[in-house]
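# Breakdown of the fold
The chain contents come next:
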Amino acid sequence: MKSSYNVEFNLDKYLNTVKDTPTIHYVGRVTSVNGLDIQSEGPRSVIGEICTIRVPSLKTTVLAEVVGLDGTTVKLSAFGNTRGIEVGCDVVASGKTLQVPVGKSLLGRVIDATGAPCDGKGSLVPETYYPADCEPPDPMTRRPIDKRITTGVRAIDTLLTVGKGQRLGIFAGSGVGKSTLLSMIARNTNADVNVIALIGERGREVLDFINRDLGEEGLKRSVVIVATSDQPSICRLRASYVATAVAEYFRDQGKDVMFMFDNVTRFAHAQREIGLAKGEPPAQKGYPPSVFDMIPKLLERAGTNDKGTITAFYNVLVDSDDMNEPITDKVRGTLDGHIVLNRKLAQAYHYPAIDVLQSISRLSRRVTGVQTKKACGYVRELMSAYENNELMITTGAYQKGNSPAIDKAIDMHDAVEEFLKQEEYDHCTMNDSLSKLAALSGIEIPEEEFDERAGDSNKTTAQMVHEIADVANNNAKAVSDGSGIEALNIQ
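Everything in this summary refers to the structure shown in the same document. Keep in mind it's a predicted model, so treat the numbers as computed, not measured.

## Examining helix H3 (residues 178-188)
Of all 11 residues in H3, 8 are buried; the element is thus mostly enclosed. Among the residues making up H3, those that are buried are Lys 178, Leu 181, Leu 182, Ser 183, Met 184, Ile 185, Ala 186 and Asn 188. Contacts from the buried residues of H3 go to helix H2 (154-159), strand E12 (167-172), strand E13 (193-201), helix H4 (203-220), strand E15 (256-262) and strand E17 (309-317).

## Description of the packing of helix H12 (residues 404-420) against helix H13 (residues 430-441)
Where H12 contacts H13, the axes come no closer than 11 Å and their chain directions differ by 175 degrees. For the element pair H12 / H13, the angle class is roughly antiparallel. Touching Met 412, Ala 415, Val 416 and Phe 419 of H12 are Ser 433, Lys 436, Leu 437 and Leu 440, all from H13. For the contact of H12 with H13, a count of residues per class yields 6 nonpolar, 1 polar and 1 charged.

## Re the nonpolar core
It is characteristic of soluble globular proteins that their nonpolar side chains tend to be buried jointly. One finds Val 195, Val 246, Phe 259, Phe 261, Tyr 314 and Val 331 to be the most contacted residues of the largest nonpolar core, which totals 56 residues. For this core, the element with the highest residue contribution is helix H5 (residues 233-252), accounting for 12 residues. Val 331 has contacts with Phe 171, Val 264, Ile 295, Leu 299 and Val 316, leaving out every residue within four places of it along the chain.

## Some thoughts on the environment of Ser 229
Structurally, the position occupied by Ser 229 is in the loop between strand E14 (222-228) and H5. For Ser 229, a relative accessible area of 44% gives the class partly exposed. For the pair Ser 229 and Arg 266, spaced 37 residues apart in sequence, the C-alpha to C-alpha distance is 8.6 Å. Residues contacting Ser 229, with those up to four places away along its chain left out, are Gly 200, Glu 201, Arg 202 and Arg 236.

## Here's the deal with the pattern of salt bridges
When charged atoms on two side chains of opposite charge get close, those side chains can pair. The full count for this structure, using the stated rule, is 24 salt bridges. Between Glu 424 and Arg 212 there is a salt bridge, with the nearest N and O atoms lying 3.6 Å from each other. Of this pair, Glu 424 sits in the loop between H12 and H13 while Arg 212 is found in helix H4, placing the two residues 212 residues apart along the sequence. Glu 248 is paired through a salt bridge with Arg 301; the nearest N and O atoms lie 2.8 Å apart. Of this pair, Glu 248 sits in helix H5 while Arg 301 sits in the loop between helix H7 (289-299) and strand E16 (303-304); the two residues are 53 residues apart in sequence, bridging distant segments of the chain.

## Let's talk about the side chain of Ser 183
On the secondary structure map, Ser 183 appears in helix H3. With relative accessibility at 0%, the residue Ser 183 sits in the buried group.

## Some remarks on the pairing of E12
The buried fraction of E12 amounts to 6 of the 6 residues, a majority that puts the element mostly inside the structure. Because side chains alternate across E12, one face comprises the buried residues Arg 167, Gly 169 and Phe 171, and the other comprises Leu 168, Ile 170 and Ala 172, equally buried. In the sheet, E12 pairs with E17 via 6 bridges, with the strands oriented parallel. Pairing of Gly 169 across the sheet is with Tyr 314, part of E17. By the bridge criterion, 3 bridges tie E12 to strand E18 (residues 337-340) in an arrangement that is parallel.

Conventions we followed
- Residues numbered from 1 in each chain as written.
- Predicted model: local features only at pLDDT ≥ 70, side-chain atom pairs only at ≥ 80, totals over all residues.
- Heavy atoms only, no water.
- Buried < 20%, exposed > 50% of the residue type's maximum accessible area, 1.4 Å probe, protein only.
- Helix = DSSP H or I, 4+ residues; strand = E, 2+ residues; numbered from the N terminus.
- Contact = heavy atoms within 4.5 Å.
- Axes fitted to C-alpha atoms, helices over the stretch in contact; angles between N-to-C directions.
- Parallel < 35°, antiparallel > 145°, perpendicular 65-115°, else oblique.
- Nonpolar A, V, L, I, M, F, W, Y, C, P; charged D, E, K, R; others polar.
- Core = buried A, V, L, I, M, F, W, Y, C linked by side-chain atoms within 4.5 Å.
- Salt bridge = Lys/Arg side-chain N within 4 Å of Asp/Glu carboxyl O.
- Pairing = 2+ DSSP bridges.

Next up, the structure:
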């Protein structure tokens, strides 16, 4: 009898399940449960290996990761609630570290710390699996950063221009607008794919960000990885690695990825909890040494490789608004630039509350044209002149006419402030931003500098040094053979 079914079935999910099913189980037994720390006698395992704890009283299982080894004692951290785990529960080793299911089907989806979907839209059919924890790209094979990327935030695109593959930190205390700034970038960037990590966020803010800030159109080209503040510390830690692995997958497909990470401080808090629970000694402000080892290893995985780019924005929650506290200082020294948000500006309803003079993009001059750099420099000079003399200006101690530079800064202050302000829903293209910069500064920016490769005409430091040396050598040669003496005398 001929079958009436003519639909092609996709059995990849089931085949992969069969392939990944272990045929030999290494089993241990829980010996103690103390807060976050679970210890077991066996099984044979390695650091980072995923194990399953069987909880017979609840007829369920809990995933856990091996975080320490001491002889035959295995120290684990659970990905879920430890309620019901007791001495004697079986601990089954998987033989694998955390693997992330990746593929184009991730677009528009929300996943958790293990890479499993948590948005109620069904299971994923991955194209392959990426390790959650891997090495950064070889520095000798990274492509140079020579193109500009659009963020849609006028202050960043002009005065703090970002290159494709650059990594920047957004530094601020609580409630100053870090998450809102990320949402503006997610909606307005011209990157191919957004990968957004919400680490340690309040549960209320997850759907708020997805529905209100990102929106349906933004979600279509985004992948969101979530680990809320109430989840175990290992979830917050591993979600950071899972998000980075997802971004690496799309980069390996030749895509330009916009990676937004909110936030590094809670990642550090999660590792502090795990480190202290497994017996690490506290170092700076209670953070164990492993925190300061893990931060650069995670952040260096972003950037360029030989296939694509990951442009990364890392939010940093600055404890007590102290820009020199350990995590802030470590992240700032690792990244390619920092954007500082100022509480005083936010209180004055100046959004985004970017303190331009305290911020820097280390690659800004490399990816912008000559006239654009002149315009940016002129605006920064106006802002600096006003800020350095603000107290005298606002108290009336400064008398107009004493300094032309200060007079110009006062006259242009309102225009500069208006240029830097931008409503959350306001979409500003790179052409709009540069046109307004040209109008503000009075410096014409040619059309070729509106292109993303505007910095191609910039010479490298080595080229400029070589040219200067050539000129000096030619002049010296002309003087030594007498051919240049007449010219020198005439001058």
